[in-house]
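# Fold and geometry: a report
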Amino acid sequence: MSIFRILLLILAVIHTLFAGFTALVGAFASGGGVWERLLVVLLHPLGAAGVLLLVLAPRLTRIATLAIAALLLVIVIADLALAQRIAAGAVKGDWELVLVFSVVPVISIAYAMGRLRTPGATGK
């Protein structure tokens, strides 16, 4: 197992715990619109599970790897858009916290793209 994969695995576990806890809190918190709740309660935990699958599965198909990368890209774009809205004052919250959710997905997208370029790292 490469050092990058080991570090990503550690980050993925921390990210999964963070996303899971935030999803539980976000599900019961007051405030926030439907899109913010969808991002916190559904997309972040799905993305965290996708990162774990990406790192732990020895061989994923190219389609599965691309699907996970696409999901992570959607999450990063949604986080950036939400952070911008919070910074502009349109939505209440801490924009820095929203950006924290994007760190592991961005690294994971890079890992997924590298995995797609490595012969034998994905199934047919």
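Rules used in this analysis
Position labels on residues start from 1 in each chain and follow its written sequence. With pLDDT at 70 or above as the cut-off, local features in this predicted model cover only qualifying residues; side-chain atom pairs require 80 or more to be listed or tallied, and sums for whole chains, interfaces and linings still use all residues. The basis for every side-chain value is the complete set of non-hydrogen atoms in the structure, without hydrogens or water. Angles run from 0 to 180 degrees between N-to-C directions of axes, and those axes are lines fitted to C-alpha atoms, restricted for helices to the stretch in contact. Helix numbers and strand numbers start at the N terminus; a helix is a DSSP run of H or I with at least 4 residues, a strand a run of E with at least 2. It is the rotation of the near helix from the far one that decides the hand of a crossing: anticlockwise by less than a right angle makes it left-handed, clockwise makes it right-handed. Any two residues having at least one pair of non-hydrogen atoms within 4.5 Å are treated as being in contact. Any residue outside Ala, Val, Leu, Ile, Met, Phe, Trp, Tyr, Cys, Pro, Asp, Glu, Lys and Arg is labelled polar, Gly included; the first ten of those are nonpolar and the last four are charged. Residue count minus one, scaled by 1.5 Å, sets the expected span of a helix. Any residue under 20% of the maximum accessible area for its type is buried, any over 50% is exposed, and the rest in between are partly exposed; the area is computed with a 1.4 Å probe on protein chains only. What pLDDT reports is the predictor's confidence in each residue, on a scale of 0 through 100.

### A word on the packing of helix α1 (residues 3-28) against helix α4 (residues 95-117)
With their axes 10 Å apart at the nearest point, α1 and α4 run at an angle of 145° to one another. As for how α1 packs across α4, the hand of that crossing is left-handed. Touching F4, R5, L8, L11, A12, H15, F18, A19 and T22 of α1 are L97, V100, F101, V104, P105, I107, S108 and Y111, all from α4. Here the residues of the contact of α1 with α4 sort into 13 nonpolar, three polar and one charged.

### Considerations on α1
Between the first and last C-alpha of α1 there are 38 Å, a value that for 26 residues agrees with the 38 Å anticipated at 1.5 Å per step. When α1 is considered as a whole, its buried residues turn out to be R5, L8, A12, H15, A19, T22, A23 and G26. Here the buried face of α1 lies against α2 (34-56) and α4.

### Some thoughts on the packing of α2 against helix α3 (residues 62-88)
Relative orientation of the contacting elements α2 and α3 amounts to 145°, with a least axis distance of 10 Å. The hand of the α2/α3 crossing is left-handed. From α2, E36, L39, L43, H44, L46, G47, G50, V51, L53 and L54 reach across to α3, where they touch T65, I68, L71, L72, I75, A78, D79, L82 and R85. Residues that form the contact of α2 with α3 fall into these classes: 12 nonpolar, four polar and three charged.

### A closer look at the confidence of the model for the protein chain
For the protein chain, per-residue confidence averages 88 on the pLDDT scale, and residues scoring 70 or more make up 92% of the total. Taken element by element, the predicted model of the protein chain shows its lowest mean pLDDT in strand β2 (residues 122-123) (59) and its highest in α3 (94).

### Concerning the environment of R5
Mapped onto the elements of the fold, R5 is located in helix α1. The exposure class assigned to R5 is buried, which follows from its relative accessible area of 18%. In this structure, the C-alpha to C-alpha distance between R5 and L56, residues 51 residues apart in sequence, is 9.0 Å. Not counting residues within four places of it along the chain, the set of residues in contact with R5 comprises V55, L56, A57, P58 and Y111.

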